[in-house]
Amino acid sequence: MSTHEQRWIDIGCIEDIPVRGARVVRTPAGCIAVFRTAEDEAFAIDDACPHKAGPLSQGIVHGKSVTCPLHNWVISLENGDAQGADEGSVASYPLKIEGGRLLLDLRRAQDRSAA
Amino acid sequence: MTKKKLVVIGNGMAPGRALEKLLDTAPDAYEVTIFNAEPRVNYDRIMLSPLLSGEKTFDQIVIHGDGWYVKHGVTLHKGATVTAIDREARTVTTARGITQPYDKLIIATGSLPIIIPVPGHKLAGVLSYRDLDDVEAMLLAAKSRGHAVVIGGGLLGLEAAAGLKEQGMDVTVIHLAPTLLERQLDTTAGHLLQRAVEDRGIRVITKANTKAILGEKKVEAVLLEDGTRLPADLVVMAVGIKPNAQVAKDAGLEVNRGIVVDAGMRTSDQDIYAIGECAEVAGQVFGLVAPLYEMAGVLAARLAGDTVAAFKPSAVATKLKVTGINLFSAGDFAESPDRQEIVLRDASRGIYKRLVLKDDAIIGAVLYGDTSDSAWFFDLLKKRSDISPMRETLIFGPSFAGGSPLDPTAAVAALPDEAEICGCNGVCKGKITGAIASMGLKSLDDVRARTKASASCGSCTGLVEQLLKTALGDAYNPAAVQPMCACTHLGHDDVRRLIVAKQLKSIPALMQALEWNTSCGCAKCRPALNYYLLSTWPGEYVDDSQSRFINERVHANIQRDGTYSVVPRMWGGMTSAKELRAIADVVEKFKIPSVKCTGGQRIDMLGVRKEDLPAVWADLNAAGMISGAAYAKGLRTVKTCVGTDWCRFGTQDSTGLGIKLEKYLWGSWTPAKLKLAVSGCPRNCAEATCKDIGVICVDSGYDIHFAGAAGLDIKGTEVLGHVETEAEAIEVIAALTQLYREQGRYLERIYKWAKRVGLDTIRQQIMNDVERRRSLHERFAYSQKFSQIDPWAERAAGKDRHEFAPMADFTRKEAAE
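Note that the structure is a prediction, hence the values are computed from the model and not measured.

What counts and what doesn't
Residues numbered from 1 in each chain as written. Chains lettered and ligands numbered in written order. Predicted model: local features only at pLDDT ≥ 70, side-chain atom pairs only at ≥ 80, totals over all residues. Helix = DSSP H or I, 4+ residues; strand = E, 2+ residues; numbered from the N terminus. Buried ≥ 20, exposed ≤ 12 C-beta atoms within 10 Å, placed from the backbone. Contact = placed C-beta atoms within 7 Å. Pairing = 2+ DSSP bridges. Axes fitted to C-alpha atoms, helices over the stretch in contact; angles between N-to-C directions. Parallel < 35°, antiparallel > 145°, perpendicular 65-115°, else oblique. Left-handed = near helix turned anticlockwise from the far one by under 90°. Core = buried A, V, L, I, M, F, W, Y, C linked by C-beta atoms within 7 Å. Domains from an automatic or database assignment. Nonpolar A, V, L, I, M, F, W, Y, C, P; charged D, E, K, R; others polar. Expected span 1.5 Å × (residues − 1).

Within chain A, the regular secondary structure consists of one helix and ten strands. The helix and strand sequence of chain A, counted from the amino end, reads β-β-β-β-β-β-β-β-β-β-α. Burial statistics for chain A: of 115 residues in total, 43% are counted as buried. For chain A, the proportion of contacts with a sequence separation of at least 24, taken over those separated by at least 6, is 43%.

This brings us to the overall build of chain B. Helices and strands together make up the secondary structure of chain B, namely 29 helices and 42 strands. Counting over 817 residues, chain B shows a buried share of 46%. Intrachain contacts of chain B at a sequence separation of at least 6 include 62% that bridge at least 24 residues.

Right, let's talk about the sheet that holds strand β5 (residues 75–78) of chain B for a bit. Residue and element names in this part refer to chain B. Spatial ordering of the open sheet is given by β5-β2-β1-β9-β21, a layout of five strands whose pairing is parallel. On the outer flanks of this sheet lie β5 and β21 (272–274), each paired with one strand and no other. Sheet twist, expressed as the mean angle between neighbouring strand axes with direction ignored, is 15°. As paired elements, strand β2 (residues 30–36) and β5 share four bridges and run parallel to each other. When the bridges of β5 are listed, Thr33 appears paired with Thr75.

This part takes up the pairing of strand β12 (residues 147–151) of chain B. Residues and elements named next belong to chain B. Counting buried positions along β12 yields five of five residues, so the element is predominantly enclosed. Along β12, one buried face is formed by His147, Val149 and Ile151 and the opposite face, lined by Ala148 and Val150, is buried too. Taken together, the five bridges between β12 and strand β13 (residues 170–174) define a ladder with parallel strand orientation. When the bridges of β13 are listed, His147 appears paired with Asp170. As defined by bridge partners, β12 adjoins strand β18 (residues 234–237) across four bridges and the pair is classed as parallel. Looking across to β18, one finds that Val149 is bridged to Val235.

In this assembly, 21 residues from chain B lie in contact with 24 residues from chain A. Elements with a minimum of two residues in the side of chain B that touches chain A: β42 (808–809) and α29 (811–816) of chain B. Bridge analysis of strand β2 (residues 21–27) of chain A against β42(B) gives two bridges, and the strand direction is parallel. Within the sheet, the bridge partner assigned to Val25(A) lies in β42(B) and is Ala808(B).

Right, let's talk about the sheet that holds β12(B) for a bit. Residues and elements named next belong to chain B. Pairing is parallel in the open sheet, where five strands are placed in the order β11-β18-β12-β13-β14. The open sheet is flanked by β11 (126–128) and β14 (203–205), the only strands paired with a single partner. Looking at each pair of strands side by side, their axes are set apart by 20° on average, direction ignored. Those strands touched by helix α6 (residues 155–166) are β12, β13 and β18, and its axis lies near 170° from that of β13.

Time to look at the packing of helix α20 (residues 577–589) of chain B against helix α21 (residues 613–622) of chain B. Packed helix pairs are specified by the crossing angle of their axes together with the interaxial distance, meaning the distance between the axes. All names here are of chain B. Two elements in contact, α20 and α21, have axes separated by 9 Å at closest approach and are oriented at 160°. Compared by their axis directions, α20 and α21 come out roughly antiparallel. Here α20 runs over α21; the crossing is right-handed. On α21, the residues touching Ala582, Asp585 and Val586 of α20 are Val616, Asp619 and Leu620.

All names here are of chain B. Residue position: Cys485 is located in the loop between α15 (461–472) and α16 (492–501). Residue class for Cys485 comes out partly exposed when judged on the 17 C-beta atoms lying within 10 Å of it. Each C-alpha atom of the pair Cys485 and Gly521 lies 8.9 Å from the other, and the pair is 36 residues apart in sequence. The contacts of Cys485, once residues within four sequence positions are left out, are Cys522, Lys524 and Cys525.

Negative phi characterises most residues that are not glycine, and trans characterises most peptide bonds. Even without glycine at this site, Ala53(A) takes up a positive phi of about 60°. Here Ala707(B), not a glycine, exhibits a phi torsion of approximately 65°, which is positive. Along the chain, Ala707(B) turns up in the loop between β38 (701–706) and β39 (709–710). Of the residues examined, Ala707(B) has 25 C-beta atoms within 10 Å and is grouped as buried.

Looking at the element boundaries, Glu579(B) is found in helix α20. Ignoring anything within four residues of it in the chain, the contact list for Glu579(B) reads Ala623(B) and Met625(B).

Nonpolar side chains tend toward joint burial in soluble globular proteins. Residue and element names in this part refer to chain B. With 145 residues, the main nonpolar core has Val236 and Ile275 as its most contacted residues. The element best represented in this core is helix α9 (residues 289–303), accounting for eleven residues. Viewed by domain, this core spans two of them, domain 1 (4–45 + 52–111 + 243–303) and domain 2 (126–239), each represented by three or more residues. Setting aside residues up to four positions removed in sequence, Ile275 forms contacts with Ala14, Pro15, Ala18, Ile106, Ala108, Met265, Met295, Ala296 and Leu299. Within the second largest apolar cluster, 64 residues are counted, among which are Ile558, Val586, Ile592 and Leu635.

Residue and element names in this part refer to chain B. Interhelical geometry of helix α13 (residues 429–439) versus α15 gives an angle of 45° and a closest axis separation of 10 Å. Our classification of the angle between α13 and α15 gives oblique. Between α13 and α15 lies a crossing of right-handed hand. Judged by residue contacts, Lys429, Ile432, Thr433, Ile436 and Ala437 of α13 engage Val464, Leu467, Leu468 and Ala471 from α15. Residues that form the contact of α13 with α15 fall into these classes: seven nonpolar, one polar and one charged.

Attention now goes to the pairing of strand β10 (residues 101–105) of chain A. Judged by which residues are buried, β10(A) turns out to be one-sided: Leu102(A) and Leu104(A) face inward and are buried, whereas Arg101(A), Leu103(A) and Asp105(A), on the alternate face, are not. Linking strand β9 (residues 95–98) of chain A back to β10(A) in an antiparallel pair, the connection comprises two residues, with Gly99(A) at a positive phi of about 55°.

Time to look at α9(B). All names here are of chain B. Between its first and last C-alpha, α9 extends 21 Å over 15 residues, near the 21 Å set by a 1.5 Å rise per residue. In terms of burial, α9 is a largely internal element, 14 of the 15 residues being buried. Following α9 by one or two positions, Gly305 has its phi on the positive side, about 115°.

Turning next to helix α1 (residues 13–25) of chain B. Residue and element names in this part refer to chain B. The terminal C-alpha atoms of α1 lie 19 Å apart, and with 13 residues this matches the ideal 18 Å at 1.5 Å per residue to within 8%. Turning to α1, its buried residues are Met13, Ala14, Pro15, Gly16, Arg17, Ala18, Leu19, Leu22 and Leu23. Of the surrounding secondary structure, the elements contacted by the buried residues of α1 are β1 (4–9), β2, β3 (42–43), β4 (62–64), β9 (104–107) and α9.

In this section: the environment of Val285(B). All names here are of chain B. Looking at the element boundaries, Val285 is found in strand β23 (residues 284–285). Given 20 C-beta atoms within a 10 Å radius, Val285 is considered buried. Between the C-alpha atoms of Val285 and Gly258, which are 27 residues apart in sequence, the distance is 6.7 Å. When sequence neighbours within four positions are dropped, the list of residues in contact with Val285 reads Pro243, Arg257, Gly258, Glu277 and Glu280.

Okay, structure coming up:
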């Protein structure tokens, strides 16, 4: 079944995202926020804060974290977990950079929309 | 009882301390008059170096503010140089002809810098380093970013060099001896110090003899004996000081190198005393603060009636006040056959420690790199303690000698009560711990106020904090200044000051220079830093949109469902059929679900999808409307009533003034949002008296109010002042806004800023000091040149397109599959 193989989809190049910023990728299962850090790493997590579903893509990116624009929860870009005293987590997605292109594996999102 | 007249010539640290003690023990004995040749109050001269480097401000180094003199009934003549003492008539006379009788006279004229009389030493640009005027002249010269040559590699010379380097100058230190600080350091430590100084980008030339200072009208270069020519826009002579005894000599008092006094500080005239750097006791003159403060104590006691208090100079220690270089030396460390030494070197960590021993006691100590044990060694030195039982581990400090763990608090806790903690003020550990316990002291400032410990040069601050920690445990909160956020230990005000002092012009440069402990800050500090840089360097700093909250990044207000609201400007709350028609068309075209009148007299369109924003703005722009900045930490609205246009009570054209203000102030960024209102008469229909800035029009002109609040807090405004014309009202409001822009902490509304800095200081600067108001207004006007660009028009034309469109959209593709 397709869930056992990676399905990399080209979503654009790293320069499409501002440094310490984010862009949104729309999928049938909802929006995914794709982040670019100061060190040019890229991460993909659901664009909905575990607190009140705030759009994380609109937050301020610092280190490997983003602060939600609605109520200042800090979410790890690496694993989607809320940092500090807050508890909660959002889904994260495999993302790799090849020759400057960003390749996203949407399998998990598709599984979820099928379920 | 009539008070005796006590006259003091000089207002430095020694007489300041003597008066403090005297007023404490015998508050009613004397009527005190001080003549200060400098035009100012008593300040901490030891802190001139941090002032030069930008780490401190003048206010922070004032010892006695004007209030102190008033409170104690002391008359202070500022800028008054005493030129003659008439011992027959018992009077002193100043250069401007004031004559003042005395019963007792204190001469505390301090010292004069030694100026080497080489050719050119009188050229403009050749300075000494003794007082605030010197520092101000250096700061002015440093603005050129040119070359500075410091003659003299002693304590003052090195501190001046480091300060000038911090100010961006290219600095060379020339020093006569083969190694730096040769009177305080041995050769090895001198070389280590030289390397550390050179690592800061300061050039050091030793064994250098100055032949001449060259230049036509002002200094251009320094010529050395060996023919080397060093370009120089500024020359600082820091080669030493000599007692300033001229006025005493002219009065016929016995003067040798300094004014000769006995152990009770009395000169050859029984009614005249001398203390400080101008005094000579038993053939010795003194330049460090600790013995000068001891003299002050003796003099105060004598004046209060004590007949036996006597000055006994004790060993003194020296520390270099250059941030990042730790250096301590005390006692005598010349080599001699009857002396032994213990040396510890750790070259890779840059540590060097040397103890000089004689008869099983420490007589000299040099610590470089790690000075944490200096108090312990100095205590052993002063007491001449027998160190033979712990000689083998002595050099490793008290942690090993006592076998206790390597915990800094434990090391301080292990010190005996008599151990001196503060060398400047001679305060021992027992006095500090006693004061903490008996007076319930809670903070460093408390300890400084009550015991004077760490109140002068501040280098023992760490030790005092450890004592507080030991005494109070977790109840001690050392962060007296609330840091901006977890990324730094610096508070907002420190950061703002250092941005200017260190010429920091970008967020990465700032985080590097101020040693941020995170790689790129956090959501708390980045927006604040972006604002501070933007307001400090208008036209130069490039705004970092990624350090702004989403609302300011996309120029609309995010709503709970992730859509946005859009508010166009309606100048002074006035609108027209054309604007209303355009708004109606936009609402229908983009199916905007809600339209609402705001509290600031304009119209809010709520529920706009993010990707529609640029098109919405383009349509509003087409009708002549621009962003209302309803999302900004900046100028929001100027609410008005209809004033003389329509109202039968109106006294002035309040609508017109409101529109003028809004057209002048729009686009400006401020620490927090800024809302104004203009009411045409005291009935105040525009509710101006709860705004950040409000104007109430009256028949005779305009009452300007500020610091109101009607949000989380409710607070009526305070009156700033009254002006007669509309032009003055606009200037006052722009100057007030600029003062707030320069002093407010990020997210601090005007009323909180005003409470913090004081309403009167604001009124003074805006209403009374016309020069200050004008310069604030000029800075505001300059900054506005760069800020009045409609962000909507820019984005409708394509700027930041990535903000408004998804990167990729798989919803349609998937649907087609």
